[in-house]
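Geometric and topological summary
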Amino acid sequence: MIDHIKPKEATSIINSLIGGVVPKTGVQHITVGRSEEVNAFISALEDVKNGHSIVKFWIGDFGSGKSFMLHLLNTVALKQKFVVANADFTPDNRLYANDGKSVILYSAIMDNIAIQTKPEGGALPTLLEKWIEQVITKTAEENGISLSEIRNEQYLNLIRNSIMKTVNEITEVGGFDFGSVIVKYYEGYIKNDELLRRNALKWLKGEYNTKTEARQDLGVREIINDSNYYDMLKNFCKFFVSMGYSGFMINLDEAINLYKISTRAVREKNYEKILSIYNDCFQGKISNLFINFAGTKEFLENERRGLFSYQALKSRLESNKFETLEIRDFAQPVIKLTPLDHNEIFVLLKKLKLIFDFNYKTESNISDHEISSFMEEIFNKPGASEFLTPREVIRDFLNILNIIRQNPNVDKRQLFGEIEISDERPDEKPFEMNIEEI
């Protein structure tokens, strides 16, 4: 039996893995062979708790476990009292843009904000209300007013001044509008004005398209846009730390979509933004921020389109020249994920069988010897060495468990023999080539 697993986690694990995606919760129950990476990450988290900032690049082939690793990092960071957020790069969002694509990425990050009590995201309102309660308590104590009395409208100005003073202390750029919107959120909170509270949240999540609309709804001059979203992320980082959290961790997956940007100038602007974030973090210009990027080897090392095409990044991200497959350095910014070996996959499949049985309240009729036979069959298939990924091995194994559960008399050997290997890797070629690049 897997220790301390919750029914909701078991269902999430089984359903997500059968669907070919990483479960949002419970990944710690299926972690195998990543102890060194996790230990290095825990050490880095300690540095960030102490006021440093860090950027890491998790690099691996398609299906090698990059997304899984990011979800595992989430679980660890949440337990260490970090605020965490995840977002995927897509063709419609990026780090640098002047047509709204950066603020789309920002909105995705803010939508997915998670804390330990809300690990699946959507925690921004909870955090705002927690912070407001802290300000109310502090203001009541400083002015000798009871906690129930200070919530009356007659003290609105007193609370407003406290919010603005506190926000001004923790922000450097855009603090006035940021504070004004939080005051509006407070007014909505105190007056039970759901529309006002929703509008304030809409502004904080970067969902206003025009300044006119924001001014009409909230009386503020600015909106969050492509040019200031990063400053807002830094403001939120300080905001969370001021509430007592250890820091703010942002995970950005599918970085191959930056590599695919067809226009060289735009692609380089995005890489320039990564360089700017990297320098801010490692030069100590910002505190308590941890940003993880996940991408393929092409995204990192391709000299024509990848990060290595940008010389300033190449010089920072080249691997430690003393590192080998046996002697690893997990302290460097780039961590290359090596594939799980067969023993680790066997342990993983045994764990999955236990979780599968727990989820369906059943006892799968498959022995350890038959798990080995399944592995032998799948790893000896034509194309396995080239195309097979842990994701496909897991999915095929769970699909077979499902068949056995519903058809107890089925011939397992025959099922193993029917496995086929196909190339599921996405095309990493850019969408279109620029004339300048042909």
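Report follows, based on the coordinates. (Residues numbered from 1 in each chain as written. Predicted model: local features only at pLDDT ≥ 70, side-chain atom pairs only at ≥ 80, totals over all residues. Heavy atoms only, no water.)

1. Topic: the nonpolar core
Note the cut-off: To form a nonpolar core, buried Ala, Val, Leu, Ile, Met, Phe, Trp, Tyr and Cys residues must be joined to one another through side-chain atoms within 4.5 Å. The cut-offs for exposure are 20% and 50% of the maximum accessible area for each residue type, with area from a 1.4 Å probe on protein chains only; residues under the lower value are buried, those over the upper are exposed, and the others partly exposed. Two residues qualify as a contact provided that any one of their heavy atoms is within 4.5 Å of a heavy atom in the partner residue.
Residues W203 and F248 are the most contacted members of the largest nonpolar core, which totals 86 residues. With near-sequence residues (within four places) excluded, W203 lies in contact with D177, F178, V181, Y208, A214, L218, V220, E222, I223, I224 and M232.

2. Describing the pairing of strand 2 (residues 83-88)
Short version of the rule: Runs of E in the DSSP output that reach at least two residues are strands. Runs of H or I that reach at least four are helices, and both are numbered from the N terminus. The rule for pairing is simple: two strands pair if DSSP sees at least two bridges between them.
Across the 6 residues of strand 2, 5 count as buried, placing the element largely inside the fold. Pairing of strand 2 with strand 3 (residues 248-253), which is carried by 6 bridges, proceeds in the parallel orientation. Following the sheet pairing, V83 is matched in strand 3 by F248.

3. Re the sheet that holds strand 1 (residues 54-59)
Operational definition: What counts as an axis is a line fitted to C-alpha atoms, over the stretch in contact for a helix, and the angles between N-to-C directions run from 0 to 180 degrees.
Ordered in space as 2-3-4-1-5, the 5 strands form an open sheet in which the pairing is parallel. Each edge of the sheet is formed by a strand with only one pairing partner; in this case those strands are strand 2 and strand 5 (334-336). Within this sheet the neighbouring strands show an average axis-to-axis angle of 15°, counted without direction. Alignment of strand 3 against strand 4 (residues 289-295), held across 5 bridges, turns out to be parallel. Its bridge partner being in strand 4, I250 is matched across the sheet by I291. Relative to the sheet, helix 12 (residues 264-282) contacts strand 1 and strand 4, its axis offset from that of strand 1 by approximately 130°.

4. Topic: the side chain of D280
By secondary structure assignment, the location of D280 is in helix 12. D280 has contacts with Y230, K234, K285 and I286, leaving out every residue within four places of it along the chain.

5. Looking at the pattern of salt bridges
Quick note on the threshold: The term salt bridge refers to a side-chain nitrogen of Lys or Arg lying within 4 Å of a carboxyl oxygen of Asp or Glu.
Under the criterion given, the structure shown has 22 salt bridges. For K202, the salt bridge goes to E213, with nearest N and O atoms at 3.2 Å. Highlighted residues: K202 in helix 8 (residues 194-204) and E213 in helix 9 (residues 211-218), separated in sequence by 11 residues. Judged by relative accessible area, which is 28%, E213 ranks as partly exposed.

6. Observations concerning helix 5 (residues 124-143)
Which entries qualify depends on this criterion: How far a helix is expected to stretch is found by multiplying one less than its residue total by 1.5 Å.
The terminal C-alpha atoms of helix 5, which comprises 20 residues, lie 29 Å apart, in line with the 28 Å expected from a rise of 1.5 Å per residue. What helix 5 keeps buried is the set L124, L127, L128, W131, I132, V135, I136, T139 and A140. Elements that come into contact with the buried residues of helix 5 comprise strand 2, helix 4 (101-111), helix 6 (156-170), helix 7 (175-191), helix 8 and helix 10 (229-242). In the segment just after helix 5, G144 is the residue with positive phi, at about 65°.

7. Quick notes on the packing of helix 1 (residues 7-18) against helix 18 (residues 390-406)
For any two helices packed against each other, one specifies the inter-axial angle together with the distance between the axes. Threshold: Should an angle fall under 35 degrees it is called roughly parallel, over 145 degrees roughly antiparallel, and 65 to 115 degrees roughly perpendicular, with every other angle called oblique. Here a crossing is taken to be left-handed if its near helix is turned anticlockwise relative to the far helix by less than a right angle, and right-handed if that turn runs clockwise. Residues are grouped as follows: Ala, Val, Leu, Ile, Met, Phe, Trp, Tyr, Cys and Pro are nonpolar; Asp, Glu, Lys and Arg are charged; every other residue, Gly included, is polar.
Axis separation between helix 1 and helix 18 bottoms out at 8 Å; the angle between their running directions is 110°. Looking at the two axes, helix 1 sits roughly perpendicular to helix 18. Between helix 1 and helix 18 lies a crossing of left-handed hand. The segment helix 1 lies against helix 18, with I14, L17 and I18 engaging I394, R395, L398, N399 and N402. Its residues placed into classes, the contact of helix 1 with helix 18 shows 5 nonpolar, 2 polar and 1 charged.

8. Let's talk about the packing of aromatic side chains
Spelled out, the test is: Stacked, edge-to-face and tilted are the three classes for Phe, Tyr and Trp ring pairs, Trp counted by its six-membered ring, which pair at centre distances within 6.5 Å; planes under 30 degrees apart are stacked, over 60 edge-to-face, the rest tilted. Should the NZ of a Lys or the CZ of an Arg lie within 6 Å of a ring centre and within 35 degrees of the ring normal, that charge is described as sitting over the ring.
Using the criterion set out here, one finds 16 aromatic pairs in the structure. Seen from their ring centres, F374 and F397 are 5.4 Å apart, and the 55° between their planes marks the pair as tilted. Highlighted residues: F374 in helix 16 (residues 368-379) and F397 in helix 18, separated in sequence by 23 residues. F397 carries the same exposure label as F374, and that label is buried. Members of the aromatic cluster, connected to one another through ring pairs, are W131, F178, F236, F239, F240 and F248. It is K81 that lies over the ring of Y245; its NZ or CZ is 5.5 Å from the centre. The ring of Y259 is capped by R305, whose NZ or CZ atom sits 5.8 Å from the centre of that ring.

9. Examining the packing of helix 15 (residues 342-360) against helix 16
Where helix 15 contacts helix 16, the axes come no closer than 10 Å and their chain directions differ by 125°. Considered as vectors, helix 15 and helix 16 are oriented oblique to each other. Note that helix 15 runs across helix 16; the crossing there is right-handed. Contacts between helix 15 and helix 16 involve H342, I345, F346, L349, K350 and K353 from the first element and D368, I371, S372, F374, M375 and F379 from the second. Residues belonging to the contact of helix 15 with helix 16 are distributed by class as follows: 7 nonpolar, 2 polar and 3 charged.

10. Focus on unusual backbone geometry
If you check the backbone angles, E254 has positive phi at about 60° while not being a glycine. As for its position among the elements, E254 is in the loop between strand 3 and helix 11 (256-259). For E254, a relative accessible area of 36% translates into the label partly exposed. A positive phi angle, close to 50°, is found at K361, a residue other than glycine. Topologically, K361 is positioned in the loop between helix 15 and helix 16. Judged by relative accessible area, which is 75%, K361 ranks as exposed.

11. Focus: the state of the cysteines
Which entries qualify depends on this criterion: When the sulfur atoms of two cysteines come within 2.5 Å, that pair is taken as a disulfide.
Scanning the entire structure with this criterion turns up 0 disulfides. Cysteine C237 is unpaired, with the sulfur of C281 as its nearest cysteine sulfur at 8.7 Å. For C281, a relative accessible area of 3% corresponds to the buried category.

12. Focus: helix 6
Relative to the 21 Å expected for 15 residues at 1.5 Å per residue, helix 6 spans 21 Å between its end C-alpha atoms, a close match to the ideal helical length. When helix 6 is considered as a whole, its buried residues turn out to be L156, I159, S162, I163, M164, V167 and I170. Considering only its buried residues, helix 6 is in contact with helix 5, helix 7 and helix 10.

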